[in-house]
Each structure stands twice: as structure tokens, then as C-alpha cells.
Amino acid sequence: MRLQDATLVLEDRAAGRRVAIDGLSAELGALAPGQPAPWSLRARLTADQPAATVTLDAKGQLARGDDGAVMLAPLALELKGDVGRRPLALKAEGRMAFGNDGLQAAWTGRLDGSAFEATFTRAAGGDGKARPGRLQLDARLDALTLAAGQADAKGGAKDEAGPASPIVPSALATLDAAVQLRVGTLRVAGLHLQDVRLSADARDGRVRVAPIRAALYGGSTDGQLTLDLRGAEPALALQQTLTGVDVGALLKDAAGHDRLQGRGDVTLRLAARGGGT
């Protein structure tokens, strides 16, 4: 079976969004009982909200198990492009299986030059439920950089905010998931953190991220975040403690000045309510 140079365009005129998939080429070898079939997929995706241009190149072997499960192993995937004007480079190898028990996947590779490994499972829906079961993700990254925003030509922050938008996606209200994330080195909003560890659990309209731990500026931080979507308005609560940090170095990276010197402890408590910016 072969598909060559196809184009698919999806438009949401009410929201002003457009997604185009072009250069779509797919090939699947002969399927035979007990024998894996080679397959390949190539495409380019462009979108305007957020702005993105990404090329996809994937290939592997497809097989069907005795229990009816469909297996993609080995599986190689490569993504290149820009998402929100941020370069994206992902190259990974792994395996995936789809069956009556749900979805299982395991990946190793490099994301923007940093090594990572991840396992992912999604249980099949049970008890007559139409929606899938619980999602579990365990991921480890050597390093990760998160951009706080794009700068204009004069070095200032460029405001691209449009109309007020919901802070909390409605999908979170029905999310049933558990996530474990570990990052060796994290750079975000000018800050440098090491040995970042967090655990998140979402179910029944409530998301809890605890603990949130990391080493930073000669000290450490520990805390938790809770997002409650069960009421008329979303409610957010954050508690975070910084212990023994170099205050001058932290302020220099976070705010661009180091008027304070020495080490100290900081306790943050934040509560917010509402769903819009």
C-alpha cells in the first residue's frame, strides 16, 4: 500500500485556525500472519495558532500479536522545525503496542540535543466508559530550556497577547493521569535549576503537583501546586519554599540586578481564582 505526496488541510474559520499537512507520503509492506511489515511515513505540517512548521520522518516494522495487539517495533521518529518560533529537533527510537489493554510505549532519543527517555501507558476504558482509561508518563531529560517569551529587536519582551483566553484548558477537567518528570538541568525565565523532580496527579477535576523539588543557587526548593476545577471557577494554590539560596545570584538571573547579597530562605504562598487572563 502506498500514498504519495498527498495534501490535507483543516480549517476552523470560526476560530481563525488553519493546519495543513503536505508532502504526505506513506508506505506499508505486505502483511502476512506472523511476519512484520515495513512501513514509513513522511509529511510536513504547518499551523498558524501557534505558528509552527514541522517535518516528520518515521519508519519501522508493524506486526500483529497472537492476542490481536498491534505492535510498532522497532520504531524510529524524527521531527524538525519551529514551534512558536522556537527550534524543535527530536530524534527518537522506541516501540509502541496497541491492544485490548490500551497503549504502551517506550522511547529513547535526543530532544534539542539533550538525551531523554520516556515510558507512556494509556489504559483502555473500562466499565462501559467511552473515554480512555488512566494515562501514565515517566520521563527523564538531561537538560531542558523553556523560553519565557520572545524578545524584540531592542531586547525588550515582545507582547503578542491577543484577546483574553482561558488559563485552564477544559481538557484538564476530565484528565485522568499520573506524571513523573526528572530533569538534570532546567533553564527557565533566566533561572538555572538542577536535579528537578516533580510528580503530578490529575483525576476527578483536581490536579496536584507534589512534590516540586530542585537544587538552585547553592540551596534547594520544595513545594506543591494544586489546581481545583470542580467549582464554578478554577482555583489555584501554590506553596513553595526556597532554603539556603544565594539571593544575589538568584536576583541577578531573575531580575537583572543583585542589590541583595547573602543566603536566605524564602516561602511563597499564592492563591488565585478564575479562568481568564
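Our structure is the block above this text.
Criteria and cut-off values
Residues numbered from 1 in each chain as written. Predicted model: local features only at pLDDT ≥ 70, side-chain atom pairs only at ≥ 80, totals over all residues. Heavy atoms only, no water. Helix = DSSP H or I, 4+ residues; strand = E, 2+ residues; numbered from the N terminus. Buried < 20%, exposed > 50% of the residue type's maximum accessible area, 1.4 Å probe, protein only. Contact = heavy atoms within 4.5 Å. Areas by Shrake-Rupley, 256 points an atom, 1.4 Å probe, with all protein chains shown as cover. Pairing = 2+ DSSP bridges. Core = buried A, V, L, I, M, F, W, Y, C linked by side-chain atoms within 4.5 Å. Polar contact = N/O pair within 3.5 Å; in protein donor to acceptor, adjacent residues only side chain to side chain. Salt bridge = Lys/Arg side-chain N within 4 Å of Asp/Glu carboxyl O. Arc of directions from axis to C-beta.

Regarding the overall build of the protein
For the protein, the helix and strand inventory stands at one helix and 15 strands. Expressed as a percentage of its 277 residues, the buried residues of the protein come to 26%. In the protein, once contacts between residues fewer than 6 apart in sequence are set aside, the share between residues at least 24 apart is 38%. If you sum the accessible surface of the protein, you get close to 17,800 Å²; carbon and sulfur atoms cover 55% of it.

Some thoughts on the pairing of strand β8 (residues 114-123)
Both strand β7 (residues 102-111) and β8 contribute to a ladder of ten bridges, which runs antiparallel. Counterpart to alanine 106 in the pairing with β8 is threonine 119. The hairpin turn running from β7 into β8, its antiparallel successor, is two residues long, and aspartate 112 in that turn takes a positive phi close to 50°. Bridge count between β8 and strand β9 (residues 135-146): seven bridges; the pairing is antiparallel. What sits directly across from phenylalanine 116, in β9, is leucine 141.

Describing unusual backbone geometry
A negative phi angle characterises most non-glycine residues, just as the trans form characterises most peptide bonds. Here the amide bond leading from glutamine 49 into proline 50 is cis, since omega sits at -5°, within 30 degrees of zero. By the secondary structure assignment, proline 50 is in the loop between β3 (37-48) and β4 (51-64). In this chain, alanine 73 is followed by proline 74 through a cis amide linkage whose omega measures -5°. By the secondary structure assignment, proline 74 is in strand β5 (residues 70-83). For aspartate 112, which is not glycine, the phi torsion reads 50° and is therefore positive. Examined against the element boundaries, aspartate 112 turns out to sit in the loop between β7 and β8. Judged by relative accessible area, which is 37%, aspartate 112 ranks as partly exposed.

Description of the nonpolar core
Ranked by internal contacts, the top residues of the largest apolar core, which has 29 residues, are Met96, Trp107 and Leu216. When residues no more than four places from it in sequence are discounted, the contact partners of tryptophan 107 are Leu75, Leu77, Ala92, Glu93, Gly94, Met96, Phe116, Glu117 and Ala118. Counting five residues, the second-largest nonpolar core is a separate cluster that includes Ala202, Val207, Val209 and Leu229.

A closer look at the side chain of arginine 134
Checked against the element boundaries, arginine 134 lands in the loop between β8 and β9. At 2.3 Å, the side chain of arginine 134 forms a polar contact with the side chain of aspartate 176. At a separation of 3.2 Å, a polar atom in the side chain of arginine 134 contacts the main-chain carbonyl oxygen of alanine 177. Here arginine 134 is in contact with Thr121, Arg122, Ala123, Asp176, Ala177, Ala178, Asp201, Ala202 and Arg203, once residues within four sequence places are set aside.

Comments concerning the pattern of salt bridges
A complete count under the given rule lists 13 salt bridges for this structure. Of the charged contacts in the structure, one is a salt bridge between arginine 86 and aspartate 112, with a shortest N-O distance of 3.6 Å. Taken together, the residues span a long stretch of sequence, with arginine 86 in strand β6 (residues 86-99) and aspartate 112 in the loop between β7 and β8 at a distance of 26 residues. Ionic contacts of the salt-bridge type, sharing partners, join the residues Arg134, Asp176, Asp201 and Arg203 into one network.

A closer look at the environment of arginine 18
The residue arginine 18 is located in strand β2 (residues 17-28) in this model. You can call arginine 18 partly exposed: its relative accessible area is 37%. C-alpha of arginine 18 to C-alpha of alanine 51: the two residues are 33 residues apart in sequence and 9.9 Å apart in space. If near-sequence neighbours (up to four positions away) are discounted, arginine 18 is found in contact with Val9, Leu10, Glu11, Thr46, Ala47 and Asp48.

Examining helix α1 (residues 247-255)
Count 3.6 residues to each turn of an α-helix, and residues three or four apart come out pointing the same way. Along α1, the residues that are buried comprise Val247, Gly248, Leu250 and Leu251. Projected down its long axis, α1 shows its buried positions confined to an angular sector of 160°, all on one face. Where α1 is buried, its residues contact β11 (191-203), β12 (206-216), β14 (235-246) and β15 (263-273). Of the residues flanking the start of α1, the one acting as N-cap is aspartate 246, its side-chain oxygen 3.2 Å from the backbone nitrogen of glycine 248. Taken from the residues just after α1, glycine 256 is the one with a positive phi, measuring 85°.

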